[in-house]
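Residue-level listing of the chains:
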Amino acid sequence: IVPSLVDPNGRLLNYAVKTNNGTLQVGQPATVTLGNLNQPYTGSAINVLATTTPPGLMVNLTYSGSPAAPTNVSNYTVIGTISDQNYYGSATNTLVITIPPGPRYVWANSPSPVPPFTNWQTAAHAIQDAVDVALAGDTVWVTNGVYASGGRVVDGATTNPVAVTNAIAVQRVKGPQVTLIQGY
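No experiment lies behind these values; they were computed from the predicted model shown. (Residues numbered from 1 in each chain as written. Predicted model: local features only at pLDDT ≥ 70, side-chain atom pairs only at ≥ 80, totals over all residues. Heavy atoms only, no water.)

Draft legend 1. Looking closely at the sheet that holds strand E6 (residues 59–63). Ordered by their spatial adjacency, 4 strands build an open sheet running E4-E9-E7-E6, and the pairing between neighbours is mixed. Strands at the two margins of the open sheet, each flanked by one partner only, are strand E4 (38–40) and E6. Ignoring which end each strand starts from, the neighbouring axes of this sheet average 25° apart. Pairing between E6 and strand E7 (residues 74–82): 5 bridges, direction antiparallel. From the neighbouring strand, Tyr63 faces E7, where its bridge partner is Val78. (Pairing = 2+ DSSP bridges. Helix = DSSP H or I, 4+ residues; strand = E, 2+ residues; numbered from the N terminus. Axes fitted to C-alpha atoms, helices over the stretch in contact; angles between N-to-C directions.)

Below, the structure is given as structure tokens:
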């Protein structure tokens, strides 16, 4: 498309004409700014913040091609595109969702286990689950109970009830008489 603007009365002086992949866009340019791009993992959907100049314009967001806000630890390409018949503009940036540093918690009777297990209310039920999300230098605190689930295959054949593969500490809150790991 080769656009041409015919405006004999000079009424469209404040508008710009832009072509994009064969699509004719008539309107005023606007700016999209994407914020809140570095977020800790929470187990819930993580949305970025989109602001516009001029303010208050509707912005459609996609996260690596999907309109659904992501929940998992990863990097996501975010595209914000203005959805307004009088304006056009977009921005692209990267949303980074990371696991926050620990400690991590394990409680066999936790009411709502949710990774990354950063408090007793969201503590893991299995020790291995907390070990798997722990970062180097974290401590995994295990409270009273018998832990008989979880584990990892470590040598291709043997399953261990707990397999620690990074530089973390696993500690009991009380002692061995009230915190037991039941082996296989």
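The structure having been displayed, the exposition proceeds.
Draft legend 2. Here's a closer look at the pattern of salt bridges. In total, this model carries 2 salt bridges according to the counting rule given. Put simply, Arg104 and Asp138 hold a salt bridge, and the shortest N to O gap is 3.1 Å. Here the residue Arg104 occupies a position in strand E10 (residues 104–106), and Asp138 occupies one in the loop between helix H1 (127–133) and strand E11 (139–142), the gap between them amounting to 34 residues. Accessibility classification places Arg104 together with Asp138 in one group, the buried group. Linking Asp132 and Arg152 is a salt bridge whose minimum nitrogen-to-oxygen distance equals 2.1 Å. With Asp132 in helix H1 and Arg152 in strand E13 (residues 152–153), this pair connects stretches of sequence that are 20 residues apart. (Salt bridge = Lys/Arg side-chain N within 4 Å of Asp/Glu carboxyl O. Buried < 20%, exposed > 50% of the residue type's maximum accessible area, 1.4 Å probe, protein only.)

Draft legend 3. Local environment of the environment of Ala69. With respect to the element layout, Ala69 can be found in the loop between E6 and E7. Discounting chain neighbours no more than four positions away, the residues touching Ala69 are Ala45, Ile46, Asn47 and Tyr63. (Contact = heavy atoms within 4.5 Å.)

Draft legend 4. Molecular detail of the packing of aromatic side chains. According to the stated counting rule, one finds 1 aromatic pair in the structure shown. Arranged with centres 4.6 Å apart and planes meeting at 55°, the rings of Tyr105 and Trp120 form a pair that is tilted. One end of the pair, Tyr105, is in strand E10; the other, Trp120, is in the loop between E10 and H1, and 15 residues separate them in sequence. Classification of Tyr105 as buried rests on a relative accessible area of 16%. (Phe/Tyr/Trp six-rings, centres within 6.5 Å; stacked < 30°, edge-to-face > 60°.)

Draft legend 5. Region of the structure containing the pairing of E11. Of the two faces of E11, the one holding Val140 and Val142 is buried and the one holding Thr139 and Trp141 is not buried anywhere. Relative to E11, E10 runs parallel, the two sharing 3 bridges. Residue pairing in the sheet places Val106 in a bridge with Val142 of E11. In this fold, E10 hands off to H1, which returns the chain to E11; that crossover is right-handed. Where E11 lies against strand E15 (residues 169–172), 4 bridges are found, and the strand directions are parallel. Paired with Val142 across the strands is Arg172, a residue of E15. (Right-handed = clockwise from strand over helix to strand, strands pointing away.)

Geometric values such as these leave the question of function open.
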